[in-house]
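Below are the chains, spelled out letter by letter.
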Amino acid sequence: MNQTPQGDARTTESAEATEQPAHPRFTKPQRVAFVQSAWHRDVVAECRDAFLAEIEARHIARAHIDVFEVPGAFEIPLHVQLLAKTRRYTAIVAAGLVVDDHSVAETVIRALMEVQLRTAIPVFSAVVTPQQFRETADADFLRRHFASKGAEVAAACANTLLSLERLGGQVAAGIV
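A brief report on the enclosed structure follows. The structure presented is a predicted model; accordingly, all values stated were derived computationally and were not measured. (Residues numbered from 1 in each chain as written. Predicted model: local features only at pLDDT ≥ 70, side-chain atom pairs only at ≥ 80, totals over all residues. Heavy atoms only, no water.)

This part takes up the overall build of the protein. Within the protein one finds five helices and four strands. When the helices and strands of the protein are listed from N to C terminus, the series reads α-β-α-β-α-β-α-β-α. For the protein, with 176 residues in total, the buried portion stands at 40%. Across the protein, the fraction of contacts at a sequence separation of at least 24, relative to all contacts at a separation of at least 6, is 80%. Surface accessibility of the protein: about 10,300 Å² in total, with carbon and sulfur atoms responsible for 53%. (Helix = DSSP H or I, 4+ residues; strand = E, 2+ residues; numbered from the N terminus. Buried < 20%, exposed > 50% of the residue type's maximum accessible area, 1.4 Å probe, protein only. Contact = heavy atoms within 4.5 Å. Areas by Shrake-Rupley, 256 points an atom, 1.4 Å probe, with all protein chains shown as cover.)

Structure, rendered in structure tokens:
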């Protein structure tokens, strides 16, 4: 008689509980632009790398992500607007670091929202605005923070694209 010892059953349950959640697949291919500022490139790169890892886990292939770099956060909105106007992308993500200048950060975020509303292309922001930034003391904290933001913005991007895909199907079917 084949019997599984109880310890093995618990191990199997534990392994199943730690597996990654299954993310829904898209019915149509998605193409995403990622626009990042070059100012403190090494810190902002943490966001990009985490974004790329998470977005692939959510079934958008790395080959369908185009990465663009601009000098600073202030230059992001114009680049995003031009990319949105191409209609090549189903979503655009912006990442940058604005230190202790809330007017610049507010201007960038407002401009990104305006692009999104004018073009109907979803635009996501991972523009971070710490009140101060001391390269020696704060860089490690900001790297971890940007890595977290990268995964969060990838989840938001994928979930929004899935929602818009479903909504588009409902509109086509005359439901909405």
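To continue, consider the layout of surface pockets. One number sums up the size of the largest pocket: a volume of about 320 Å³. Lining the largest pocket are 14 residues, with K28, Q30, T90, L164 and E165 positioned closest to its centre. For the lining of the largest pocket, the class distribution of residues is seven nonpolar, five polar and two charged. (1 Å grid on protein atoms, 1.4 Å probe; cavity = no way out; pocket = protein on both sides within 12 Å on 5 of 7 lines; lining within 4 Å. Points joined across faces, edges and corners; volume = space filled by probe spheres on them. Nonpolar A, V, L, I, M, F, W, Y, C, P; charged D, E, K, R; others polar.)

Counting 26 residues, the largest nonpolar core has V32, F51, I55, I65, V93 and C157 as its most contacted members. Secondary-structure elements contributing two or more residues to this core are β1 (32-37), α2 (41-57), β3 (91-97), β4 (123-128) and α5 (135-172). Counting residues per element, this core draws most heavily on α5, at eight residues. With sequence-adjacent residues up to four places away left out, V93 is seen in contact with V32, A33, F34, V35, F51, F124, V153 and C157. (Core = buried A, V, L, I, M, F, W, Y, C linked by side-chain atoms within 4.5 Å.)

We now examine helix α3 (residues 76-85). If you check which residues of α3 are buried, you get I76, P77, V80, Q81, L83 and A84. Along the long axis of α3, the arc covered by the buried residues comes to 165°, so they all point the same way. Within α3, the exposed residues directed more than 90 degrees away from the buried face are L78 and K85. Once α3 ends, the next one or two residues include R87, with phi positive near 65°. (Arc of directions from axis to C-beta.)

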